[in-house]
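Chain by chain, the residues:
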Amino acid sequence: MRLPVFLCRALCVLLALLLCAAPGARCESEPRWRAGFGQREIPLPENAGPLYIAGYRNGYEITGVLDLPRATAVWLDCGGAGVLLIGVDCVGLSRAYVEQLRASLAVECREWNCAQVNVYATHTHAGVDTMGLWGKVGRDGKNEAFMQNLLQAARSAALDAYADRRAGTLSYGKAATAGMQRDSRLPYEYDPHIHHLKFAPDDGGAGFRIVNYCAHAESLRGQNTLLSRDFPGVMADVLLERTGERMLFMPGAIGGLVMTQEFEKNADGSLNAEKNLETTGRMLACALLRVSDGRPLAAELEIARTELTVPLDNTAFLLARMLGILNARAVPGSGATGYALESELSVLRLGNMYLALIPGELFPELVTGRYLSASTAAAPERENPEPLAAIMTRRGLSADSLLICGLANDELGYIVPPNDFLLHPDTPYFANACDSAGRRHYEETNSVGPETANVIAAGFERCLSQLFPGG
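Now for a quick tour of the structure.

Cut-offs applied
- Residues numbered from 1 in each chain as written.
- Predicted model: local features only at pLDDT ≥ 70, side-chain atom pairs only at ≥ 80, totals over all residues.
- Heavy atoms only, no water.
- Phe/Tyr/Trp six-rings, centres within 6.5 Å; stacked < 30°, edge-to-face > 60°.
- Helix = DSSP H or I, 4+ residues; strand = E, 2+ residues; numbered from the N terminus.
- Salt bridge = Lys/Arg side-chain N within 4 Å of Asp/Glu carboxyl O.
- Buried < 20%, exposed > 50% of the residue type's maximum accessible area, 1.4 Å probe, protein only.
- Pairing = 2+ DSSP bridges.

Thoughts on the packing of aromatic side chains
Right, so step 1: The final tally for this structure, using the stated rule, is 11 aromatic pairs.
Right, so step 2: Plain terms: the ring middles of W75 and W112 are 5.9 Å apart, the flat faces sit at 90 degrees to each other, and that makes the pair edge-to-face. With W75 in strand 3 (residues 70–77) and W112 in helix 3 (residues 106–112), the pair connects residues that are 37 residues apart, well separated along the chain.
Right, so step 3: Ring centres of F363 and Y414 lie 6.4 Å apart, and the angle between their planes is 85 degrees; this geometry places the pair in the edge-to-face category. Taken together, the residues span a long stretch of sequence, with F363 in the loop between strand 18 (361–362) and helix 8 (365–368) and Y414 in strand 20 (residues 414–415) at a distance of 51 residues.

Pasting the structure below:
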C-alpha cells in the first residue's frame, strides 16, 4: 500500500522532531564545536652547528636538555570554515617563518576549508634562538637545521590536530593566581588570572585546554643554559597526569616586563633554578585545576584579520635586518629609518569570547588603559592609543570577554605605551635610557618604535569592524 505524499512528508517531519528531542540526539543543522589536538617534539639536529639559548645574552650555547621543545596544534570549527592555532616552544617567530609554515599547509588547508593558520611562540627563555638575536655579536644566532625541524614538527602537529577532530563543547573559565607574578616596570599592571578554553568531546574521552597566562616563561632565569619548555611544560605534564587532558599554552599581554616570582632559593640566597621551574609550573597547574568548567561558548566561529604597516624607528633592528640576522619584511615607510615593517593582527570570535592575536609583547596597560600619569610618564607629550578594553566597551562588548595571545604570527618585540617611551639620547635603541626618576627603559631597545602601540590599536579596531560592520 502506498501512502499519500502529504502523509509521508508529515511522518518525516514528525520523525525528525522526535529524533531531535530524544536524549543525546541533535539535529544535523545545529552548530557544534569540532576540535582536534596534535603535538610533536622538535628534535635537535645532529652536527649542524651551535644552538644558542635565547632571551638573555649573546653567544651562550645550550649545554644540556631538561625537556625538548614541542609544537602543539589545535583545530577548531563549528561546521563551516575552521582555524588552526599552533603554539611553538620558542622565544619568538618572525612572520617569514609563519608564512613558510602556511605555505607548507596550503594544499591541506584548501581540502580542510581552513580559513586561517595562526602560529605563535610560548616565549620560553630556555629555548633555541629562533630570532637570530642571541648568537655571537653581529652574527645570526639561528640554526637553520633546527628551524626546518621546527617547521616540520609544526606541520605534523597540524595534520594530527585535524585528524583528531571530534564534536564536543567549548567553555571558558578563569582562576586567580594571587602573588605569583611580578612586573619590573611601572605602573605594575598585569592580569592576575589564569584563563582556559576547555574542550570536552562528546565521546567522553579526554579533551584539552587552551591556557592563557600573563607571564614570561623564564622561571629558570638568565644564568640558565639548559633547554626547556619552562613552566608551560611542567603545567602541561601535571595536567596530563592529573586529568588526562592535553594543553596548548598561550602567553598573554606580557610586556612591561611581567614574569613569575622566584619561589626557590639556595642557602646562600641564590636562585635554585631547576627547583624554581618545577615549583612554578606545579603552582600554576594547581591554579589551572581550580578553574571550573565555566560558561559554555556557543558554537560560533568568526575570524577577522588585517595587515599592519609599522614605522621602523629602531636602527638596531634595521642593522640586524641588513646583516641577515632578522628576516623581518622591511619596506619603504614613514619610520625614522625610512622603513616600515609589514605584519598582521587577527581577532577570533569564539561564541562570546574574543581572542586577539597580537604580533609582539603587549604592555598590559595598552589593554586596560591604566597608563602612567603625565607627572610620572617619561614622555607625556606623546598620546597613548585608546585601550583595547575601551574599544571593546565602546562597541557594546564586554572587556572581560577579551583574551590576548601575544607573539602571534610575528614578533615585533615590546609594544610600549607612547607616553612612557624613552630612548637613550646618544645611542638610541643600542643602550638603555634612564629617566629622571632613575627608571631603566630597557624594553624600548627591543621595540620597533613608539608608533607600534597606535598601529596595534588601529588594527584591533579594524578587526572588530570586520566582525561587526554596522557597529
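Re the pattern of salt bridges
Right, so step 1: The final tally for this structure, using the stated rule, is 35 salt bridges.
Right, so step 2: Residue R95 pairs with E344 through a salt bridge whose shortest N-O separation is 3.0 Å. In this pair, R95 is assigned in helix 2 (residues 95–104) and E344 in strand 16 (residues 339–350), connecting sequence segments 249 residues apart. In this structure, R95 and E344 share a single accessibility class: buried.
Right, so step 3: As a salt-bridge pair, R329 and E342 come within 3.5 Å of each other at their nearest N and O atoms. Placement of the pair is R329 in the loop between helix 7 (315–322) and strand 15 (330–332) and E342 in strand 16, with a sequence separation of 13 residues.
Right, so step 4: Owing to a relative accessible area of 25%, E342 belongs among the partly exposed residues under this scheme.
Right, so step 5: Salt bridges linked by common partners bring R95, E99, R102, R305, E307, R329, E342 and E344 together as one network.

Structural notes on the pairing of strand 19 (residues 402–405)
Right, so step 1: What you see with strand 19 is no split at all: L402 and I404 on one side and L403 and C405 on the other are buried throughout.
Right, so step 2: The pairing of strand 17 (residues 353–357) with strand 19 spans four bridges and is parallel. Counterpart to L357 in the pairing with strand 19 is C405.

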